[in-house]
Amino acid sequence: MATRPGPLTEWPWHRLGNFKYVVMAPVVAHGAHRVMSSGWGDLDIAFSLILPSLLLRMIHNQIWISLSRYQTARSKHRIVDRGIEFDQVDRERGWDDQILFNGLVFYAGYLAMPSVRRMPVWRTDGAVVTALVHTGPVEFLYYWFHRALHHHFLYSRYHSHHHASIVTEPITSVIHPFAEHVVYFILFAIPILSTIYLGNVSAMGIVGYIAYIDFMNNMGHCNFELVPGWIFQIFPPLKYLIYTPSFHSLHHTQFRTNYSLFMPFYDYIYNTMDKSSDELYESSLKGTEETPDLVHLTHMTNLQSAYHLRIGIASIASKPYSDSAWYMWTLWPLAWLSMVLAWIYGSSAFVVERIKLNKMKMQTWAIPRYNFQYGLTWEREPINDLIEKAILDADMRGVKVISLGLLNQAKQLNGNGELFRQKYPKLGVRIVDGSGLATAVVLKSIPSDAKKVFLHTGTSKIARAIAMALCGRGVQVIMNEKEIYHMLKSQIPENRKSSLKLSSDYVPQLWIVDNIDDNEQKMAPKGTIFIPISQFPLKKLRKDCTYMSTPAMRIPEEMKNIHSCENWLPRRVMSAWHIAGILHALEGWNMHECGDEMMDVEKSWSAAIRHGFLPLTKA
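Not measured: the values here are computed from a predicted model.

1. Quick word on the sheet that holds strand β2 (residues 350-357)
With mixed pairing, six strands are arranged side by side in an open sheet as β5-β4-β1-β3-β2-β13. With partners counted over all chains shown, the strands left at the sheet margins are β5 (430-432) and β13 (559-560), one partner each. As paired elements, β2 and strand β3 (residues 360-367) share seven bridges and run antiparallel to each other. Bridge pairing in β3 links Glu353 to Thr364. Running over the sheet, helix α3 (residues 50-74) touches β2 and β3 and is turned about 60° from β2. Relative to β3, helix α18 (residues 380-397) is tilted by about 155°, and along the sheet it contacts β1 (294-299), β3, β4 (401-404) and β5.

2. Notes on the nonpolar core
By size, the foremost hydrophobic cluster in this structure holds 57 residues, and its most contacted members are Leu437, Ile446, Leu470, Ile512, Met559, Ile582 and Phe613. Take this core: its biggest share by element is seven residues, from helix α25 (residues 576-587). Beyond its immediate chain neighbours, meaning those up to four positions away, Met559 contacts Ile355, Lys356, Leu357, Met362, Arg572, Met574, Ile582 and Phe613.

3. With respect to helix α7 (residues 152-163)
Within an α-helix, residues lying three or four positions from one another point in the same direction, as the helix has 3.6 residues per turn. Taking 1.5 Å of rise per residue, twelve residues should cover 16 Å, yet α7 covers just 13 Å from first to last C-alpha, more than 12% shy of that figure. Of the residues making up α7, those classed as buried are Ser156, Arg157, Tyr158, His159, Ser160, His161, His162 and His163. Tucked inside the fold, the buried residues of α7 contact α4 (86-91), α6 (124-149), α8 (178-198) and α11 (245-254).

4. Some details on the sheet that holds strand β12 (residues 552-554)
The three strands are arranged β14-β12-β15 in an open sheet whose pairing can be described as antiparallel. Edge strands, defined here as strands with exactly one partner in the open sheet, are β14 (573-575) and β15 (614-615). Across three bridges, the pairing between β12 and β14 is antiparallel. Note on β14: the bridge partner recorded for Arg554 is Val573. Along the sheet, α25 contacts β12 and β14; its crossing angle with β14, the most-contacted strand, is approximately 85°.

5. Focus on the domain arrangement of the protein
Per the domain assignment, the segments of the protein are domain 1 (14-286), domain 2 (294-436 + 569-615) and domain 3 (447-553). Between the C-alpha centres of domain 2 and domain 3 the distance comes to 26 Å. Contacts between the two partners involve 28 residues from domain 2 and, on the opposite side, 13 residues from domain 3. In this assembly, domain 2 packs against domain 3 so that about 1,500 Å² is buried in total across both faces, 66% of it on carbon and sulfur atoms. Across the domain 2-domain 3 interface, the total number found is two salt bridges. A salt bridge links Asp596 to Arg464; the shortest N-O distance between them is 3.9 Å. Applying the counting rule to domain 2 against domain 3 returns seven residue pairs in polar contact (both at pLDDT 80 or more).

6. Describing the UniProt feature "transmembrane region" (unreviewed entry) in the protein
Under the present numbering, the feature "transmembrane region" (unreviewed entry) in UniProt falls on residues 45-67, 127-145, 182-212 and 331-352. As a span, residues 127-145 carries 100% helix and 0% strand, and end to end its C-alpha atoms are 25 Å apart. Strand forms 0% of residues 182-212 and helix 87%; the C-alpha atoms that close the span are 19 Å apart.

7. Quick word on the pattern of salt bridges
By the definition in use, this model includes 28 salt bridges. Note that Glu290 and Arg354 form a salt bridge whose closest N and O atoms lie 3.2 Å from each other. Highlighted residues: Glu290 in the loop between α13 (277-286) and β1 and Arg354 in strand β2, separated in sequence by 64 residues. Accessibility classification places Glu290 together with Arg354 in one group, the buried group. In this structure, a network of salt bridges that share partners links the residues Arg78, Asp81, Glu290, Arg354 and Lys356.

8. Topic: the packing of aromatic side chains
Taken as a whole and assessed by the stated rule, the structure comprises 27 aromatic pairs. Taken together, a centroid distance of 5.5 Å and an interplanar angle of 50° make the contact between Phe47 and Tyr110 tilted. Highlighted residues: Phe47 in helix α2 (residues 45-48) and Tyr110 in helix α5 (residues 97-112), separated in sequence by 63 residues. On the basis of relative accessibility, which here comes to 4%, the residue Tyr110 falls in the buried class. Judged by centre distance (4.7 Å) and plane angle (70°), the rings of Tyr240 and Tyr268 are edge-to-face. Of this pair, Tyr240 sits in the loop between α10 (229-234) and α11 while Tyr268 is found in helix α12 (residues 265-269), placing the two residues 28 residues apart along the sequence. A relative accessible area of 32% means that Tyr240 is categorised as partly exposed. The exposure class of Tyr268 is partly exposed, given its relative accessible area of 27%. Of the aromatic side chains, those joined through ring pairs into one cluster are Phe140, Tyr143, Trp144, Tyr259, Phe265, Tyr266 and Tyr270. For the cation-ring pair, Arg117 lies above Tyr110, with the distance from its terminal atom to the ring centre recorded as 4.9 Å.

The rules we used
- Residues numbered from 1 in each chain as written.
- Predicted model: local features only at pLDDT ≥ 70, side-chain atom pairs only at ≥ 80, totals over all residues.
- Heavy atoms only, no water.
- Pairing = 2+ DSSP bridges.
- Helix = DSSP H or I, 4+ residues; strand = E, 2+ residues; numbered from the N terminus.
- Contact = heavy atoms within 4.5 Å.
- Axes fitted to C-alpha atoms, helices over the stretch in contact; angles between N-to-C directions.
- Core = buried A, V, L, I, M, F, W, Y, C linked by side-chain atoms within 4.5 Å.
- Buried < 20%, exposed > 50% of the residue type's maximum accessible area, 1.4 Å probe, protein only.
- Expected span 1.5 Å × (residues − 1).
- Domains from an automatic or database assignment.
- Buried area = accessible area lost by both parts, 1.4 Å probe.
- Salt bridge = Lys/Arg side-chain N within 4 Å of Asp/Glu carboxyl O.
- Polar contact = N/O pair within 3.5 Å; in protein donor to acceptor, adjacent residues only side chain to side chain.
- UniProt positions renumbered as here; feature names shortened; annotations may be inferred.
- Phe/Tyr/Trp six-rings, centres within 6.5 Å; stacked < 30°, edge-to-face > 60°.
- Lys NZ or Arg CZ within 6 Å of the ring centre and 35° of its normal.

Shown next as structure tokens:
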């Protein structure tokens, strides 16, 4: 929202929320009526392109979003090296509003101008007219309108909404109040109306012109330099006819320079070109290599989780992941296709995010595999090869710590990372499975006055550490699985064994669980508190019980570039396994934490609190 919102700031369908697409119902109903009454042959090309062109524009924009986020996470050619936060993602959530608006206006124009119904597929002379009218009147009028928007009266009421995004994403280009978009539409309609008036309009001419506008808008706001220098060396005048992402980024950081739409020509004429434009272009093109201090290695979970990655759909990634959301299932064909492509062509981990905590630089890498693949016996070796490749890559780049998230540290897969430590005893990068801090978070979430707990877990080292710590406190730990009970009891010191009890009769209301099925949940007494020790959340089957989060903590305010949720966790909450790697790097701990090795629980917890990480709950 602008600092002092003026009239017509909000979009007409703002209050409809996600139901705003219903505004296109008249177009759909019109088309359905024509098909039912006269058949498909009654649909002319002008009408037939209205809805498909809107869909293609949305896909085009989404490709730019993913490309930009991927490149700014991994590329050395990023322009503005600052973070994006949740407020920007929320502000830019309605990037498709302008697409809906254009679709409605084109439909209205179709109804109002019968002549366009006979337009051909292509007219070369019409395309030439469109290019000439855009280069002259449109670019000229936009330049002066844009300068007017920077006058304090209009800026505070309208254009400040757009400039709230100093670090731009492709969709930042279309984030404007409704009134601004009305003016922009009028400007961009001039070439189209000119061809209609001259009688050389064509369907592909209109679609191509709009695609050009979208492409240039997205490119100018993508925040990484991708226009190669050789283009300007071959044809030097091109620097006046096409802007670069670094050229427009200066407008968002300096505000009073580089006003041009797509052609810097008018900034040169009216002396408003930023003097550092060429220098920034050269430095961005050259780039700066960056070595992260920490890499967190994760993977996709189920098919739809690909959309939840930071490089996926921004609005979905900014909310905790839920595979039950209705819109996730509408995308399952693409999700299935992306899974198959990742399985076939995914030969290495890829970067999905960059984070900073003061001077420490972090990246998250994702293994191109899904949960179900980790459970396939024949996939274990290929997956371990991918993890090994990521570890060696991090080691070669000088990364200090690599933390293994989700199933990348599964005991049955690689022994909590021990496989790689034994295979490469001279590794410089420290391998961290995060078990010490995860154990600490679970222990701190247990009420201090608890006398009895029910332990429903396997024999993981986190389960063993929790059982040992609770028995040391004098808390009675009750189990009902005989085999696991005897395995744990054999590893607990003699003076603590009396607190470990095997019983199927009495079950307390505090359950510490790993994996638990529906029938086992139904056995829990009313009011049970479930505390998971797994990285994966429990299925919330019981409304009369309380389900606590998987081991996680709130991150400090100093942590920047956080604009997506880590899987199913709330905003600005990070899993204990991820935080453990950060602490390892911050503290300079030299030991690996993998296999049977575990960081001291209290030492891990104290370090987390000291560095500003906060518990989600108070015991």
